[in-house]
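# Structural overview
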Amino acid sequence: MSQRERYLAIAVGVVLALLVVNIGFKKIVGNLRTQEDRLDATYAELESLNNAINMGNKAKEKIAQLRIKSLPSKPEIAEAQYKEWLYELATTSGLTQVKITSLGSRRVKAKNQPNEAPDAFTLYDFRLKGRCRLDKTIELLGHYYDRNYLHRISSLNLKPARDADLVEIDLPSPVIS
């Protein structure tokens, strides 16, 4: 073997060795990138799950706050409790001839929920009637919203009573349980 052939064999060997090293390096780097991609995907999934848990906790807190404002879930207890509160409100605000009527209740589903989804809440309709002075009516309205129930005044009808200084009140009040 001549000197030229030896140099050529060494050059071919070096090129083949560099080729093997290059292929091995690319394979190792490719495996590392694949591992990094899987790790990134796992971290993204973990972050997504943590966000879902945080959103669930926030929803749980909001529901807990609404439960404080809500009537009890048992219809009989809810109706009795709200009637009692309305009567107490009426008498402390100076109403006479107080009449509280329950107009019934109905279960309501949340918006955009399928029919087989459970009901979201129960809506009760009540009506308070009585007589009082006009200044006591304003006091009644103030005390009505002091109580932190999920309720509202759907309308307020005031008629002058036969007695010159009294008004007849008709106050429908829906409330959520």
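Residues numbered from 1 in each chain as written. Predicted model: local features only at pLDDT ≥ 70, side-chain atom pairs only at ≥ 80, totals over all residues. Heavy atoms only, no water.

### Section: the packing of aromatic side chains
Ring pairs (aromatic) are described by centroid distance and by the angle formed between their planes. In this structure the tally under the stated criterion is five aromatic pairs. Look at Tyr 82 and Trp 85: their rings are 5.5 Å apart centre to centre, the planes differ by 35°, and that puts the pair in the tilted class. Within this pair, Tyr 82 and its partner Trp 85 are both found in helix H2 (residues 75–92), separated by three residues, close to a single helical turn. Accessibility assignment for this pair places Tyr 82 and Trp 85 in one class, buried. Ring centres of Tyr 82 and Phe 126 lie 4.8 Å apart, and the angle between their planes is 45°; on these two criteria the pair is classed as tilted. Taken together, the positions of Tyr 82 in helix H2 and Phe 126 in strand S2 (residues 121–133) put the pair 44 residues apart, joining distant regions of the chain. For the pair formed by Tyr 82 and Phe 126, the shared burial category is buried. Taken together, Tyr 82, Trp 85, Tyr 124, Phe 126, Tyr 144 and Tyr 145 form an aromatic cluster joined through their ring pairs. (Phe/Tyr/Trp six-rings, centres within 6.5 Å; stacked < 30°, edge-to-face > 60°. Helix = DSSP H or I, 4+ residues; strand = E, 2+ residues; numbered from the N terminus. Buried < 20%, exposed > 50% of the residue type's maximum accessible area, 1.4 Å probe, protein only.)

### Some remarks on the pattern of salt bridges
Close approach of charged atoms allows side chains with opposite charge to pair. Counted by the stated rule, this structure contains four salt bridges. Lys 83 is the partner of Glu 79 in a salt bridge, and the nearest nitrogen-oxygen pair spans 3.9 Å. One end of the pair is Glu 79 and the other is Lys 83, both in helix H2 and four residues apart, which spans about a single turn. Glu 79 sits in the partly exposed class, given a relative accessible area of 27%. A residue is classified by how much of its surface remains accessible, and Lys 83, at 30% relative accessible area, is partly exposed. (Salt bridge = Lys/Arg side-chain N within 4 Å of Asp/Glu carboxyl O.)

### Quick notes on the environment of Ala 11
Tracing the sequence through the fold places Ala 11 in helix H1 (residues 3–69). We classify Ala 11 as partly exposed; its relative accessible area is 38%. Sequence-wise, Ala 11 and Ile 153 are 142 residues apart; in three dimensions their C-alpha atoms are separated by 95 Å.

### Digging into the side chain of Arg 131
Locating Arg 131 in the fold gives a position in strand S2. In contact with Arg 131, other than residues within four places in its own chain, are Gly 94, Leu 95, Thr 96, Gln 97, Ala 161, Arg 162, Asp 163, Leu 166, Val 167 and Glu 168. (Contact = heavy atoms within 4.5 Å.)

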